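# An overview of the molecular structure
The chain contents come next:
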Amino acid sequence: MTAYAAALAAVALYIAGALRLRRRGDAWSPWRALSFGVGACGAAVAVAAPLPGGAFTAHMVQHLILGMYAPLLLVLGRPITLALRALPPGRVRRGLLGTARSRAAAFLVFPPVAAALDVGGLWILYRTPLFAATHERPWAHALVHLHVLLAGVLFTVAVCQVEPLRHRYSIALRGATLVLAGAAHAVLAKSLWVTPPPGFSAPDPHTGAEVMYYGGDVAEIALAVVLALRWYAAGGRALRRPARSSGGRPHSRTGRARTPLPTKLER
Amino acid sequence: MASEESALSPGRSIWAGVLIGVGVAAFLDETVFHQLLHWHHFYDRSTPAVGLVSDGLFHAFGWFATVIGLIMVADLVRRSGLSGRALAGGVLLGAGAFQLYDGTIQHKILRLHQIRYHVEIAPYDWSWNVIAVILLLVGAWVLRREGRRR
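The structure presented is a predicted model; accordingly, all values stated were derived computationally and were not measured.

A word on the overall build of chain A. In terms of helices and strands, chain A carries twelve helices and zero strands. In sequence order, chain A lays out its α and β elements as α-α-α-α-α-α-α-α-α-α-α-α. For the C-alpha atoms alone, the extent of chain A along its principal axes is close to 85 × 40 × 35 Å. For chain A, buried positions account for 40% of its 267 residues. For chain A, the exposed area adds up to about 14,200 Å²; of that, 68% sits on carbon and sulfur atoms. Taken together, the 29 basic and 9 acidic charged side chains of chain A have centroids lying 20 Å from each other.

What follows is about the overall build of chain B. Helix and strand counts for chain B stand at four helices and zero strands. Helices and strands in chain B line up, N terminus first, as α-α-α-α. By principal-axis analysis of the C-alpha atoms, chain B measures approximately 60 × 25 × 25 Å. The buried share among the 150 residues of chain B stands at 47%. Considering only contacts within chain B whose residues lie at least 6 apart along the sequence, 83% involve residues at least 24 apart. Total accessible area on chain B stands at roughly 7,500 Å², and carbon and sulfur atoms take up 70% of it.

Moving on: the side chain of Glu 146 of chain B. Tracing the chain through its elements places Glu 146 of chain B in helix α4 (residues 122–149). Non-local contacts of Glu 146 of chain B, meaning those with residues more than four positions away in its chain, are made with Ser 83, Arg 85 and Ala 86 of chain B.

Before going further, it helps to spend a moment on unusual backbone geometry. Of note in the backbone geometry, Gln 161 of chain A takes a positive phi value of approximately 50° without being a glycine. By the secondary structure assignment, Gln 161 of chain A is in the loop between α9 (138–160) and α10 (171–194). For Ser 80 of chain B, which is not a glycine, the phi torsion comes out positive at approximately 45°. Mapped onto the fold, Ser 80 of chain B is located in the loop between α2 (49–78) and α3 (84–109).

All names here are of chain A. Side chains of Arg 101, Arg 168, Arg 230, Arg 237, Arg 240 and Arg 241 sit close together on the surface and give a patch of like positive charge. Along the chain, the position of Arg 237 falls in helix α11 (residues 204–240). Its relative accessible area of 47% is what places Arg 237 among the partly exposed residues.

Between its terminal C-alpha atoms helix α1 (residues 2–23) of chain A stretches 31 Å, which fits the 32 Å expected from 22 residues at 1.5 Å a residue. Where α1 of chain A is buried, its residues touch α2 (30–48) and α4 (79–86) of chain A.

Criteria and cut-off values
- Residues numbered from 1 in each chain as written.
- Chains lettered and ligands numbered in written order.
- Predicted model: local features only at pLDDT ≥ 70, side-chain atom pairs only at ≥ 80, totals over all residues.
- Heavy atoms only, no water.
- Helix = DSSP H or I, 4+ residues; strand = E, 2+ residues; numbered from the N terminus.
- Buried < 20%, exposed > 50% of the residue type's maximum accessible area, 1.4 Å probe, protein only.
- Areas by Shrake-Rupley, 256 points an atom, 1.4 Å probe, with all protein chains shown as cover.
- Lys, Arg positive; Asp, Glu negative; His and termini not counted.
- Charge placed at Lys NZ, Arg CZ, Asp CG, Glu CD.
- Contact = heavy atoms within 4.5 Å.
- Patch = residues over 30% accessible without salt bridge, like charges linked within 9 Å, V, L, I, M, F, W, Y side chains within 5 Å.
- Salt bridge = Lys/Arg side-chain N within 4 Å of Asp/Glu carboxyl O.
- Expected span 1.5 Å × (residues − 1).

Given below as structure tokens:
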């Protein structure tokens with residue numbers, strides 16, 4: 001129930017912020033709101049609802065949603081950007097901006113660090129006694145869920161870089177990190193197929209490991225698409241920008257004539 | 001403009017093709033041999049750790065390469081700098097290179113999994129790797145002809 005209450009509160013705050021922007025005449029894409037809403041629902045359902053399959057398979061479905069799909073949808077909703085635009089100037093807004101731009105945040109969203117926290121955390125969870133311990137202690141279980149969600153959000157922000165951050169990291173570093181994290185995820189999935197954690201009966205661990213392997217692919221492709229589309233859009237903005245410094249002509253495909261130059265040349 | 005494009009485009013078209021080729025070969029391997037035919041095994045219990053790492057890397061890289069290769073093609077079209085032949089040559093090179101790596105290093109040296117089980121494996125291995133070399137040769141030939149035309 002806590003999960004549903006948290007999701008409801010987050011979505012209510014988000015909608016309040018978006019409405020405030022709209023009322024003063026600023027645009028805020030409804031697609032972002034939809035993305036955030038679905039992400040919040042997904043995370044809550046993953047934690048609180050019964051999921052299909054055997055115990056290990058259901059656990060994997062839960063982690064796929066909580067650690068990968070929900071974070072991507074939440075981050076694409078750009079809640080930090082929305083909050084910074086909706087909040088009035090004052091302590092809260094300054095605090096949020098200060099946190100987002102802080103050295104600590106910059107360190108956490110440095111792509112290799114975010115990847116290590118995210119996939120490294122999974123390796124520690126499954127390949128140490130931690131996994132068994134979470135089944136005995138509910139608070140440890142809840143903490144692991146929280147870590148999976150937060151690390152997923154950090155990793156998504158690090159790869160997609162859609163929120164206001166201190167540094168912008170290169171597409172090469174982000175792409176390489178995504179591939180290496182995807183590989184570490186795939187290797188962990190196969191290692192779980194070979195030696196699953198104790199206490200699950202076949203074929204549940206095999207199904208669960210395959211769900212993890214192929215489900216991870218879906219998340220990796222989605223992140224790669226976001227990365228690629230943002231690179232493409234940045235290239236488009238660079239093309240439309242008037243090439244004053246190089247003295248170049250307007251690009252033939254953009255169809256935006258910059259009129260003064262041709263008339264002068266004709267004369 | 002024309003000189004700038006010919007300096008920029010064939011190389012980029014080739015690289016976009018190589019990325020797409022690696023991705024398509026990895027995708028076909030996964031769907032045809034793992035999912036449809038069930039010849040390959042998810043894991044055959046004789047693979048050393050380094051084989052799993054190599055498999056994981058290429059599995060993850062294949063998807064990423066496909067997405068990045070396709071967006072590079074879109075970017076080249078937008079800049080009217082796409083060379084179709086260079087792209088095709090790149091696709092053949094990428095697919096052939098992945099197929100050869102998969103057929104020699106991954107299947108034979110790292111013993112990731114075999115092409116098929118409970119059969120005489122040699123004809124399968126030969127077919128697999130000869131097809132890879134043919135893809136590489138045709139790709140190289142397409143790119144050579146394309147280079148001469150310029």
